[in-house]
Each structure stands twice: as structure tokens, then as C-alpha cells.
Amino acid sequence: MAGARRPGRNFLFVPGPTNVPERILRAMHVPMEDHRSSDFPKLTLPLYEDLKKVFQTKDGRAVIFPSSGTGAWESALTNTCSPGDKMLAPRFGQFSHLWIDLARRHGLEVIVQEETWGTGADPEKIEEALRADKNHEIKGVMVVHNETATGVTSDIAAVRRAIDAAKHPALLYVDGVSSIGSVDFRFDEWGVDLAITGSQKGMMLPAGLGIVCASPKALERMDGAACTKAYFDFADHFRTNPDGYFPYTPALPLLYGLRESLAIMFEEGLENVFARHRYLANGTRAAVEAWGLSLCAKDPKWYSDTVSAIMVPEGVNGADVIDRAYRGYNLALGAGLTEMAGKLFRIGHLGDLNELMLLGAISGAEMSMRDVGIDVVPGSGVAAAQEYFRGAQGMGETRLAAE
């Protein structure tokens, strides 16, 4: 009935923002304080070292901006590039498209490698383009690690191997907004130069923090970088961060939340966090197969462990599934974006999540699909996910053990 209160909680299963644990909400519920006091560094200084553990880096330097991931995109580029610099970027989803657009607005010349949506970065094409760049005019390669619009994860280690095989000095820029903190991300081992993430996905926080990790090689580019910057200038942070302070007013409650988020991840163990996401993603994929539907990702090598983009049958608008889920069952599912608008719906399975929470989302998606005329067998997806979870645990492959 219109205007009636909805009992129970909203089931939030978009691929970000994600559910915020009660522990983090309580940690953020703090009075305001002087961010220039002598006690403030007790909060901030450990954050930088703990973030390095999440990025899996020893030599990388973390910077925390009060922004979304878009601000982190901008800071990574403007601190290391000059107008007219050439960048190489595969485009295979909405977020790779937006990052390319941002780079062009800053006067960068982006060479775009168009890939089919449902696939990811092609290391062979990247290597070929870099080998052809005899004068090393290309300054960087920009890759989205996990493309949430299509549920695709690219192989960043393979991209680094391609750059090295071409003997090219280009920096490797990686968007890890929907991967870092949820799936294995190895900054040092993969030779990443600039990686960015946001607070509202694997970090389990509200939106509002843009986090960048920069390699020593990337920081060497700062002196010659002529892109206009002010709010996102690394140099301002590097003057103040070592003492535990910020160049402007920080997002204080989010910093307290970040401290708790990192504590939660370390208590579970990063390897267990990654294994849990793979386990929950496999359960979702089992449900999709039982429904007789397919993922947007065109091959298992592309499957994302943080979001599944599920194609709807011809003649059905995916937006109708999403609207029915929201209005009928208080369930938030992700929409198809631009080229995928109306063609799919997305189930986000990242952050603070367990089997029963995910089964609720699968059940709601199943009911919503049936309500709009998609012929799926009642209970089929839920049963398939249950059987996967039970079987994995029976084989000792629990959500807390790598498969």
C-alpha cells in the first residue's frame, strides 16, 4: 500500500555501496575533534601502514583523500601526467569508459583499445601497442581491474608481463575500486605503479574516501607533471601526512571507520577474505546456471568474485526485474549501464556478507524475475547455491579456506 512502512531491513546487493557492519557504524559514531591536536596522529599514522598491507606493498605510498573513487582516479593521473601525454587504455565497460573520459578532460591523449563488453584487458594487444611505440610516447597504461558494469575481472599480472615484454617504461595505472579489499591484489608483485580504490566497497564504509597507492617509480614523475591540481595534489599530503595530519579538514568519522574496517579485515585474514568472496561468487554462479541464464562475462577466466552481471532473456527489460525487486521485496539490485542498460541486472556479493544474506538476495531476484515473466523454476537458484555451499564445506572448502 502506497506510503506504508516497509518492515525489516533493505537488502542491499548493488556492487557498492555495500553493507556497513555494525562495528564500523559504532566506530564512526564519534564527536568531532580537533584534527590538528597532538593526539590526532595516533589515529592517522597507523592507517597508512595498514593500507599498505591491503594493497600488498612494502614500498608503495598510500594517500587518503576525502572523495569518491573518481577523485582517486583524478589524483593518480594529475600527479604523474602533463597535458598532451599519451595513455593507453582498454575500454570494456562503463567504468573504463568514465576513466578515459576523465583523462581526456585533463588534456591527456588516450589511445583506446575497444574490447567486447563481457571481456577484459587484452595483454597481447597492449604489448603490441607498446612495441609499436618506439619513441616511448605512451606514458601509462590504464586498466580497470574489476569492471562492475559487466562483472569482469582483468588479469593485471598479465598486463604487467606485457609491459615488461615490450621493454616499455609506461606506468601501470589500476582502478581497484571494486576489487581491493575483496579479491587478491598484489601491488608489488604485479608491478603496479598507481592503484586506486574507494571506501564504499570492499572497505565496507560509506562513500567518501578515495585512496591511492603510488610506487616509487610513479612518485618520480611528480616533478615533471604539469596537469592542473590543487585539492588532489600529492605534494600537499606528503608535507603533512608524515606527522599524522592532512592539508585540509579530513572526513573524521570515515577515518575512524577505516581504522575499524582494517581491523575487521585483519581479524578475518586477507587470504580468508579473498576465499570468502570466491566462495560466495561461486554460489551465485551456481544459481545463475540453475536459472538457465548466463553471465555477461563471456568466459570463466573473466568471472568477477565481487559482482555477477546476469543477462535477461530477449524481450525482457532488466530494469523491470530491478524495479520489482526494490518495490516488491525491498531488495536493491544493480542496473545495467549504458551499453548494457536493460540487458541485465547485477547481484553484488562483496564486503560484509555471508551465505544466508546472499541466499536472501538470490531468492528475491528469483521471485522478481518470475513476477516480470522470466520463466525460472521456483527455488532453483536458491537450491543450487545451497548445494554448492554445502558441498564446498563438506569437502573442507569452506568460506574460510581457499578453494
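Residues numbered from 1 in each chain as written. Predicted model: local features only at pLDDT ≥ 70, side-chain atom pairs only at ≥ 80, totals over all residues. Heavy atoms only, no water.

Draft legend 1. Spotlight on the overall build of the chain. Scanning the chain from N- to C-terminus turns up 13 helices and 13 strands. Here the C-alpha atoms of the chain give a radius of gyration of 21 Å, agreeing with the 22 Å that 2.2 N^0.38 yields for 403 residues. If you line up the chain on its principal axes, its C-alpha atoms span 60 × 55 × 45 Å. The buried share of the chain, taken over its 403 residues, is 56%. Restricting the contact set of the chain to residue pairs at least 6 apart, pairs at least 24 apart contribute 73%. Within the structure as shown, the chain displays about 16700 Å² of accessible surface, and the carbon and sulfur contribution to it stands at 51%. Here the chain contributes 41 positively and 51 negatively charged side chains, and the mean placements of these two sets differ by 2 Å. (Helix = DSSP H or I, 4+ residues; strand = E, 2+ residues; numbered from the N terminus. Rg over C-alpha atoms; globule rule 2.2 N^0.38 Å. Buried < 20%, exposed > 50% of the residue type's maximum accessible area, 1.4 Å probe, protein only. Contact = heavy atoms within 4.5 Å. Areas by Shrake-Rupley, 256 points an atom, 1.4 Å probe, with all protein chains shown as cover. Lys, Arg positive; Asp, Glu negative; His and termini not counted. Charge placed at Lys NZ, Arg CZ, Asp CG, Glu CD.)

Draft legend 2. Inspection of the sheet that holds strand β10 (residues 210–214) at higher detail. Taken together, the seven strands give an open sheet; going across it, the order is β2-β10-β9-β8-β5-β3-β4, and neighbouring strands pair in mixed fashion. Of all the strands in the sheet, just β2 (61–65) and β4 (109–114) have a single pairing partner and so form its edges. Neighbour-to-neighbour, the strand axes of the sheet open up by a mean angle of 20°, direction not taken into account. Two elements, strand β3 (residues 86–91) and β4, share six bridges in a ladder whose sense is parallel. Considered in β4, the bridge of K86 is made with E109. (Pairing = 2+ DSSP bridges. Axes fitted to C-alpha atoms, helices over the stretch in contact; angles between N-to-C directions.)

Draft legend 3. How the structure looks around the layout of surface pockets. If you add up the space inside the largest pocket, you get close to 490 Å³. Surrounding the largest pocket, 20 residues form its lining, T153, V183, D184, R278 and D305 being those nearest its centre. Broken down by element, the lining of the largest pocket gets its largest block of residues, four residues, from helix α10 (residues 270–291). Of the residues in the lining of the largest pocket, the class split is nine nonpolar, four polar and seven charged. (1 Å grid on protein atoms, 1.4 Å probe; cavity = no way out; pocket = protein on both sides within 12 Å on 5 of 7 lines; lining within 4 Å. Points joined across faces, edges and corners; volume = space filled by probe spheres on them. Nonpolar A, V, L, I, M, F, W, Y, C, P; charged D, E, K, R; others polar.)

Draft legend 4. Expanded view of the packing of helix α11 (residues 318–329) against helix α12 (residues 355–371). The geometry of α11 relative to α12 is characterised by a closest axis approach of 9 Å and an angle of 115° between their N-to-C directions. With respect to α12, the axis of α11 lies roughly perpendicular. Here α11 and α12 pass one another in a crossing that is right-handed. Residues V321, R324, A325 and Y329 of α11 form the contact with α12, whose own contacting residues are G364, M367, S368, M369 and D371. Grouping the amino acids of the contact of α11 with α12 by side-chain chemistry returns five nonpolar, two polar and two charged. (Parallel < 35°, antiparallel > 145°, perpendicular 65-115°, else oblique. Left-handed = near helix turned anticlockwise from the far one by under 90°.)

Draft legend 5. Geometry of helix α6 (residues 156–165). Extensive coverage of α6 is indicated by the burial of seven of its 10 residues. Buried residues of α6: I156, A157, A158, V159, R160, A162 and I163, and no others. Taken together, the buried residues of α6 touch α5 (123–132), β5 (138–144) and β8 (171–175). One or two residues past the end of α6 sits K167, with phi positive at roughly 55°.

Draft legend 6. Molecular detail of the environment of A132. Tracing the sequence through the fold places A132 in helix α5. Sequence separation between A132 and A166 is 34 residues; the distance between their C-alpha atoms is 8.9 Å.

Remember that the coordinates give geometry; whether it matters functionally is a separate question.
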